[in-house]
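One-letter residues, chain by chain:
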Amino acid sequence: MKTVRIGSGLGFYGDTWKPVRVTLERGEVQYIASDHLSELTLAILQKDRQKDPSAGFTKDLVPMLRELWPLAQPRGVRFILNAGGLNPLGAQQALATAFKATGWSARIAAVTGDALGDRLESLMAQGIPFDHMDTGASIETVRDRLVFANAYLGASPIVDALGQGADIVITGRVADAALFLAPLIHEFGWSWQDHDRLAQGIVVGHLLECSGQASGGNFGGDWRSIPDMAHLGFPLAEVSEDGTAVITKAPGTGGRVSFDTLREQLLYEVHNPHRYLTPDVTVDLGTVSLEDRGNDRVIVSGATGTAPPETLKVVGGYSDGHMAQAILGYAWPDALEKARAAADIIKVQLAEAKIRADEIVTEFIGYDSLHGPLSDPRHAAELNEVYLRMAIRTPELSHGDRFNRLFPPLALSGPPFIGGYGGITPPRELLGIWPTTIRRDLVEPFVSVHVEEVTP
Amino acid sequence: MTTRVPLARLAHARSGDKGDRADLGLFAPTRAVYDWLAETVTADRVAAHFAPLITGPVERYELPNLLALKFVLNGALQGGAARSIRSDNLGKTLGSALLRLELDVPDDLLTGAHPWPTTSP
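Keep in mind it's a predicted model, so treat the numbers as computed, not measured.

About the criteria used
- Residues numbered from 1 in each chain as written.
- Chains lettered and ligands numbered in written order.
- Predicted model: local features only at pLDDT ≥ 70, side-chain atom pairs only at ≥ 80, totals over all residues.
- Core = buried A, V, L, I, M, F, W, Y, C linked by C-beta atoms within 7 Å.
- Buried ≥ 20, exposed ≤ 12 C-beta atoms within 10 Å, placed from the backbone.
- Helix = DSSP H or I, 4+ residues; strand = E, 2+ residues; numbered from the N terminus.
- Domains from an automatic or database assignment.
- Contact = placed C-beta atoms within 7 Å.
- Axes fitted to C-alpha atoms, helices over the stretch in contact; angles between N-to-C directions.
- Parallel < 35°, antiparallel > 145°, perpendicular 65-115°, else oblique.
- Left-handed = near helix turned anticlockwise from the far one by under 90°.
- Expected span 1.5 Å × (residues − 1).

A look at the nonpolar core
Within soluble globular proteins, side chains that are nonpolar generally end up buried alongside one another. Formed by 173 residues in total, the largest nonpolar core has its most connected members in A:Ile158, A:Val169, A:Leu181, A:Ala182, A:Ile247 and B:Leu26. Looking at this core, the element that brings in the most residues is strand E14 (residues 311–331) of chain A, giving ten residues. Split by domain, the residues of this core number at least three in each of domain 1 (3–114 + 152–309) and domain 2 (320–434) of chain A. Once residues within four sequence positions are removed from consideration, A:Ala182 is found in contact with A:Ile80, A:Ala155, A:Ile158, A:Val159 and A:Leu162.

Considerations on the packing of helix H1 (residues 18–26) of chain A against helix H3 (residues 61–75) of chain A
Residues and elements named next belong to chain A. Look at H1 against H3: their axes get within 10 Å of each other, and the N-to-C directions meet at 20 degrees. Comparing their axes, H3 and H1 come out roughly parallel. Relative to H3, H1 is oriented so that their crossing is left-handed. When H1 is examined against H3, the residues Val20, Arg21, Leu24 and Glu25 are found in contact with a partner set consisting of Glu67, Leu68, Leu71, Ala72 and Arg75.

Structural notes on unusual backbone geometry
All names here are of chain A. Cis geometry is adopted by the peptide bond preceding Pro333, which originates at Trp332 and carries an omega value of 0 degrees. By the secondary structure assignment, Pro333 is in the loop between E14 and helix H10 (335–352). One non-glycine residue with positive phi stands out, namely Ser211, at about 40 degrees. Note on Ser211: 25 C-beta atoms within 10 Å, which makes it buried. Even without being a glycine, His271 presents a positive backbone phi close to 60 degrees. Residue placement: His271 occurs in the loop between helix H9 (259–266) and strand E9 (276–277). The exposure class assigned to His271 is partly exposed, which follows from the 16 C-beta atoms found within 10 Å.

Comments concerning H10(A)
All names here are of chain A. For H10, spanning 18 residues, the distance from its first C-alpha to its last is 26 Å, which sits close to the expected 26 Å at 1.5 Å a residue. Residues of H10 that are buried in the fold lie against E14, strand E15 (359–365), strand E16 (385–394) and helix H12 (410–413). Positive backbone phi, at 55 degrees, marks Lys354, one or two positions downstream of H10.

So, in structure tokens, the structure goes:
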């Protein structure tokens, strides 16, 4: 019986590809699908692109494939990566240049058409609404501040690229799980109407798209029991023609694949689990069965699907001011009280200096910086140390700089026993995310696949 | 008989973000604990717990196949991770904040209850 083995690539921009190397060496996979993008990543890439129009893809693409291609190529392993970000053609060029310089051959494809770019203005002029998906607000409220808008594409252009023999497929904004669904459709020839199989493919992709989060990383259960997290293996799937999959990881790696680690990932960031919307199929996770066979093997089956939505999701980004922040530490005794006094001093000086702050966040690291008002006040009195973190949102970059300059004088002219004084970071731009939808016929005709044969 | 304990004694959780929503999974060790959680940890209860942090309603979904409840907290992330100026802009720790919720738990659920199953239900 034919099976297809797909390994998890990166789970985000900044992740490590060391475990992917191990998957290539010992995992017997045919594909690596790698997710480099989140909503936040697009915002980061947009800032890169503003500085340099040839940028806008994730910079890990070239070094990652430089290291992995010599392992993948002799084994016939193909890559699917959304590392193209806001500039898939730029990513393709950068990779082709690197491969040529090294004397390597590969067929590299880029998928474009997710970026609405210049078309957005004319679509808005035609009266196409781009209301905020959650709040219903009109896009007019942010229109003059929009810096990008990309539709989430499905698996179809990737299937097309694989059909054209691409060894490496680079996409922009594609639904994460579609990176994994595509090779299954390519290999098994699943019909676009076979919603249950497509749903299984999405479930496999969803389980694998966050790398180590399915194999014992970030595990909310008994995290102490996860073996050898220093060498955590990334998950991989062996999928059968009917969509049933075994999730496992390369032998000899750390981490764990179990009912418990997989169910945490299965529900991660899906919103309504009975109607998990993707461009290719709407998935019900309520019918999924995870059958733990022990030894890091879990059989996944039973996902059911219905037709996908009529529209595609769009993620837009708009300038939303700047953040400045400063962090400094206070020691016992009365650490929290001193940090609070310092915050009060800054607030007075901020007001007197007429520094524009649309919002001020005051957090006490070691006490409430993560759980905020839900933190337990019983621990407040005898803390060994507390770091004050203050951040403002300001429309003016220069006001962020002025905010930062309020902090150095605290070293000599504020509460005593200050330390850890290095946390004043330059202001940075904030981008708001505008989630909306668009009719498929306004996007899909513009999607194309560009295949380049790279030879030395 | 019941004992007042935080949810952390009974279950585990993972959280993530999507736009201005935090998205929390809550996982029970046994069918009995799942059934009790499904009855007890209502959307209203979770909304009250997170009231100081969130601006929108809470949705709840039941996944008996995974012995899990899913909560979606609307308006939880200051408008979204890329514009939030909080330390935890992604809401990754809100799962553990949920586990602070204190409940009067029947003692028979606590006895021998192990929050971390290694086998399928």
